[in-house]
Structure formats: C-alpha cells, structure tokens
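# Residue-level structure breakdown
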Amino acid sequence: MPDHSSLTRIRQCWGAERFKEIFRKSVAACGEAGLIDGDTVHVDATLIRADVSWESLTERHAAQVFSENDAPEEDPPPEGGQKRRGRPKNQSRIVAKKCSLTDPDATLTTSCKQYRMEPSYKQHTAVDDRAGVIVDVELTTGEASEGQQLQQQVARIERNTGCDVSTLTADGAYAYGANYAAFEAATIDAVIPVPTERQAVKRIPTRRFKYDGRHDVVRCPTGKHLRCSTRNRQGVVYRARAGDCRVCPLRTRCFSAKASSRIIVLGDGYAALLRARRRRLRWSAHERGLYARHRWRVEGVHGEAKTQHGLRRAARRGQWNMAIQVYLTAAVMNLKRLAAFCPARLVWQGNEWHTLPYTDHPAAIKTASPARRQAA
Ligand code: SF4
C-alpha cells in the first residue's frame, strides 16, 4: 500500500483535471460496452456536507468594514444643524453572510426550508437512462443554483458521450425560462415540471398580467399596456403609465402607495416558460413515465453514492480537493456497472460465444417498462 502522504502528493501534483479525465474514460468504457445510449438523460443535484465544524463559522464583517472605510466622507453638518445618524444615504445595507474559516469554498445552504442551513458543496449529476451510467458530474459551492448550470451541463454530456441529447428530465429547480428557450432552440425535449407560482398575499400577482410576445407588451387586468422600460439582473422590466394607474379602480390592490405605477419583471425566455407551463397540464403517459424514471434513476445514484461510497460528508477541504472525491466516486460507480454487465453479456450458443445486445441482458430487462418485461 502506498503511504497516505504519497496519495496526498499525487492529488496535489495531478490536480482535479486529471481525475476528471479518469472519470471521462470510465464513461467512454461504458459507452463502448453499449451501456449508454446518450438519448435520454436525467439531471439532478445533491448537497454534500462540508468537513467543517460549527465553531469554524463566522460572519463576513471584514467586507462591511472595508466598504464603510472606502465610502466618501460626509459633508459636515450645517452651522447649528444636527449630525445625520446612521448609514450614509447612498450606501446600501450589507447583509453579513456566514463562512467557514477552515473551508471558505463551502457555503451555507439547505435542500429544504424545514432543514437548517449547513456548510455544503453541491454535486451536479447527469445519469443515462439505459443502465444508470453517470455521464456527467460537476462540483460547485453549495449556494450555486443548479438551474443556471444546466445548459453547460448538457454541452458537457454531449462531449462526454459523443451523442446528442434528445430528451432531458429534471425537477422544478431547473425550471428557468432561459433553459426552456435554449432547449426549444436546440430541439431537446425538456421534461421539467414548472412549479406553481407563489401566491402574493397583498398585491395582484404577476400571473394576472398577460404577456403578448408578438408586440412585446404586457396587459394588466384592466387591459392597459405595460411597456418595456429597462433591464435588470432578473430580466426585462415592464412599466405601466402613471396616468393609467392614477385613475384605476384597482390601484390600491396593484402596488404600494409610495410607487407611481406598477412594474413587472419578466425573466429571459418567459414565453417559453409559459408554453412549458401549459404543456405540463397535458403531459402524456410517456412523459409522466419518464419523469417517474428520473426519480429513481438519478436520485438512486445519489443515494448509492452517499450510502455506499461515503459522499454524504466531504472527506477533504477545498473545492478542487472535493471535486477529486466526486470524480473518483462517479468513476468507481461507472466501473461497478461495467463489471456487473460485462461477464454476463457473453453467452455460449451453438458452440461459440455470442455478445448479447444490452436490451436482451437480464439487468436491462429487470429495469425495463412492464410492457418490455412482458415481451422479454
Ligand atoms: S393599477 Fe395600473 S397596472 Fe394595475 S391594474 Fe390598474 S392600470 Fe393596470
């Protein structure tokens, strides 16, 4: 056995890229054995608890102190006037975030509102539908949004497998208008349910405003037009005319008393998001079956990685170090599938060895649809 310090030095010398290459080779080996069809992939993300203690968490006061020191000096108060208290007018409030001193790459996040926030990393996984081979895996810090990673992930899947993805399933966390628009343009069938909108308690909700994509305007519940005014980080801002809102009977229910007109922000690909929402209501049995397969295919892979390969908690610190753990775990799981499949694939028939196609293999029949199992 090599000394443990040799293993550490090898990791440091090779870096994460070399281990990523090992993972890609395991995908290529599964592809050559016929375990991947590359046509249908299931995508999901899971959190990995960072290897840090609660005592190592602290708030980022330093950024706040530096920004306050860099702020320009305030004008002195007028003669006899009172000095202004509190924060300068043009300075926004900085929310102190907690970070870990022992592993600053891990960030506080949670998978569910009912659970507490924990310092974590996030693993983004794509699993092929045919035999559950992991065709792409990537690691980010815990607070990174999986929906924003999806388009790069599809490009990586196609590079790893050498096939074009035609059907992709994912859960509601990936339901971004920009993703639907990109997949429509690439003719990828995205089986991603659009979550129901959050109910606004006080104001008329955004869903009551109708978007007219042809004329690029939004119509409010009284039929008035909101026109595109500017753009911010969330998307395009549509604003109603102040004159329309002033005399409107719904004025008090539509926006706050301080504002002069109603503003609606529509994210990129909003028209594609609306189409996906309408389509979700008419999902066929095939699409519902695909989404049911998504559950056990990709979530089963995460469960296996956590219960059998120690991925529930990080073994090392630092994002590049954790990426190595993730690549190696995925490579090992792929090799397990390859090893389970290959020996039984050769059958002795008519005085010679024959190679069974994957669809006739007992493991494939076991995981196939009921109709396929009956036929087999
Ligand atoms: S307040 Fe303005 S935006 Fe709201 S419903 Fe009336 S006219 Fe439309």
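Residues numbered from 1 in each chain as written. Predicted model: local features only at pLDDT ≥ 70, side-chain atom pairs only at ≥ 80, totals over all residues. Heavy atoms only, no water.

### Some points on the site of the ligand
The environment of the ligand is formed by Cys220, Thr222, Lys224, Ala240, Asp244, Cys245, Cys248, Arg251, Cys254, Phe255 and Arg262. For the shell around the ligand, the secondary-structure elements that each account for two or more residues are α5 (242-246) and α6 (251-254). A class-by-class count of the residues in the shell around the ligand yields 6 nonpolar, 1 polar and 4 charged. (Near = heavy atom within 4 Å. Helix = DSSP H or I, 4+ residues; strand = E, 2+ residues; numbered from the N terminus. Nonpolar A, V, L, I, M, F, W, Y, C, P; charged D, E, K, R; others polar.)

### So, the nonpolar core
Counting 70 residues, the largest nonpolar core has Leu168 and Ile192 as the members making the most contacts within it. Counting residues domain by domain, this core receives three or more from each of domain 1 (15-54 + 103-193 + 276-345) and domain 2 (206-268). When neighbours within four sequence positions are excluded, Ile192 is seen to be in contact with Leu150, Leu168, Ala170, Asp171, Tyr174, Ala175, Tyr180, Phe183 and Trp283. (Core = buried A, V, L, I, M, F, W, Y, C linked by side-chain atoms within 4.5 Å. Buried < 20%, exposed > 50% of the residue type's maximum accessible area, 1.4 Å probe, protein only. Domains from an automatic or database assignment. Contact = heavy atoms within 4.5 Å.)

### Brief notes about unusual backbone geometry
Most peptide bonds are trans, and most residues other than glycine sit at a negative phi. Even without being glycine, Thr187 reaches a positive phi, approximately 50 degrees. Mapped onto the secondary structure, Thr187 falls in the loop between α4 (177-185) and β8 (189-191). Exposure remark for Thr187: the relative accessible area of 67% places this residue in the exposed category. Look at Asp216: it is not a glycine, yet its phi comes out positive at around 55 degrees. In this fold, Asp216 is placed in the loop between β9 (210-212) and β10 (217-219).

### Overview of the sheet that holds β9
Spatial strand order, β9-β10-β11-β12-β13: 5 strands in an open sheet with antiparallel pairing. Unpaired on one side and paired on the other, β9 and β13 (263-266) mark the two borders of the sheet. On average, each strand axis in the sheet is tilted by 35 degrees relative to the strand beside it, whichever way the strands run. (Pairing = 2+ DSSP bridges. Axes fitted to C-alpha atoms, helices over the stretch in contact; angles between N-to-C directions.)

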